Amino acid sequence: MAKLALNKSSLARESAQLAEFRRFLPSLELKRLQIMAERAKAKEAATRLEREYEERFADLAASLPMMANEQVPLEGLVVLKKVVRGEQNLSGTILPVLEDLEVETEPYSLLARPHWVDPYVKGMQNLLRLNMERDIARERIVRLVEAEAVISRRVNLFEKVLIPRAERNIKKIRMALADAERDAVVRAKISKRKTAARSAEERMAEL
């Protein structure tokens, strides 16, 4: 690290940096609060989706115990065909959003399959959507936790390192400048007294 120059130019530079740090810190704090609020919402959404998925799955299994009948092939009947993911920019943090989801159902004959296959298909479509929404919510939480950690480190850097260091430097420079000013005043007084003494001696010599 370069040695701190104890002059007025250095004082101006340190003062400008301190003002910049203090101006930037509130925006960081606001960003952290926004991230924390969104993280809380994402956790709430993930919990809700988890509960809804489990309830729908349990309801489907309870209402259609005949799904266990291996003589009625169900595998591949409902397939997730396409997932369209978008992005949300929250204070510089990119979060995933589910924009669209397509579920493909293999054609089946209503006469060749039991009547309960239709509610099974609808139930599976709902479960596939809920599962994808749940995955997106979990991913949002992970990204928000990471973003909050990064912002917290920056806030700590400003609060505990940059701002205190700039304040110490300013105090040190001001003390040095004040000392230099006092020394200059003392030297001026001493010089003035010496000049006055020489003048007096010269006048005495002329008498």
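Structure: see above.
In this report, the structure presented in the accompanying data block is examined. Starting from 1, residues in each chain are numbered consecutively following that chain's sequence as written. It should be noted that, the model being predicted, local features are given only for residues of pLDDT at least 70 and side-chain atom pairs only at 80 or more, the latter also being counted only at that level, while totals for whole chains, interfaces and linings use all residues. Hydrogens are left out, water is left out, and the side-chain values use all remaining heavy atoms of the structure.

Notes on the pattern of salt bridges
For step 1, the next point in the chain: One side-chain nitrogen of Lys or Arg within 4 Å of one carboxyl oxygen of Asp or Glu is enough to make a salt bridge. Taken as a whole and assessed by the stated rule, the structure comprises 16 salt bridges.
For step 2, the next point in the chain: Here Glu52 makes a salt bridge to Arg48, at a shortest N to O gap of 3.8 Å. Here Glu52 and its partner Arg48 are both found in helix α1 (residues 8-63), 4 residues apart, which amounts to about one turn of the helix.
For step 3, the next point in the chain: Exposure is judged per residue with a 1.4 Å probe applied to protein chains only, and the accessible area is read against the type maximum: over 50% gives exposed, under 20% gives buried, and values in between give partly exposed. By relative accessible area, which is 22% here, Glu52 ends up partly exposed.
For step 4, the next point in the chain: Of the charged contacts, one joins Arg138 and Glu50 as a salt bridge, the two residues approaching to 2.6 Å between their closest N and O atoms. Of this pair, Arg138 sits in helix α2 (residues 117-206) while Glu50 sits in helix α1, placing them 88 residues apart in sequence.
For step 5, the next point in the chain: Among the ionic contacts, a cluster of salt bridges with common partners joins Glu50, Arg134, Asp135 and Arg138. Each helix is a run of H or I in the DSSP string that is no shorter than four residues. Each strand is a run of E no shorter than two, and both are numbered from the N terminus.

A look at the pairing of strand β2 (residues 93-105)
For step 1, the next point in the chain: Strand pairing requires that DSSP identify at least two bridges connecting the strands. The sheet contact formed by strand β1 (residues 78-90) and β2 spans 12 bridges and is antiparallel. By the bridge assignment for β2, Val83 is matched with Leu101.
For step 2, the next point in the chain: Hairpin remark: β1 followed by β2, antiparallel, with 2 residues in the connecting loop; positive phi at Ser91, about 55 degrees.

Comments concerning the nonpolar core
For step 1, the next point in the chain: Formed by 27 residues in total, the largest nonpolar core has its most connected members in Phe21, Ile35, Leu144 and Phe158.
For step 2, the next point in the chain: Per element, the largest residue contribution to this core is 14 residues, and it comes from α2.
For step 3, the next point in the chain: If we ignore the near neighbours within four places in the chain, the residues touching Leu144 are Ile35, Glu38, Arg39, Ala42, Leu90 and Leu95. The set of buried Ala, Val, Leu, Ile, Met, Phe, Trp, Tyr and Cys residues whose side-chain atoms join them within 4.5 Å is what this entry labels a nonpolar core. We call two residues in contact when some of their heavy atoms are within 4.5 Å.

Observations regarding the side chain of Glu38
For step 1, the next point in the chain: As for its placement among the helices and strands, Glu38 is situated in helix α1.
For step 2, the next point in the chain: Within the structure, Glu38 has its side chain in polar contact with the side chain of Arg140 (distance 2.8 Å).
For step 3, the next point in the chain: Aside from chain neighbours lying at most four places away, what touches Glu38 is Leu90, Leu95, Arg140 and Leu144. Contacts described as polar in this section are N or O atom pairs within 3.5 Å, which, within protein, must combine one atom able to donate a hydrogen with one able to accept it, while residues neighboring in sequence count only if both atoms come from side chains.

Considering unusual backbone geometry
For step 1, the next point in the chain: With phi around 55 degrees, Ser91 is a residue other than glycine that occupies positive phi space.
For step 2, the next point in the chain: Structurally, Ser91 is set in the loop between β1 and β2.
For step 3, the next point in the chain: Residue Ser91 is classed as partly exposed on the basis of its relative accessible area, which comes to 28%.

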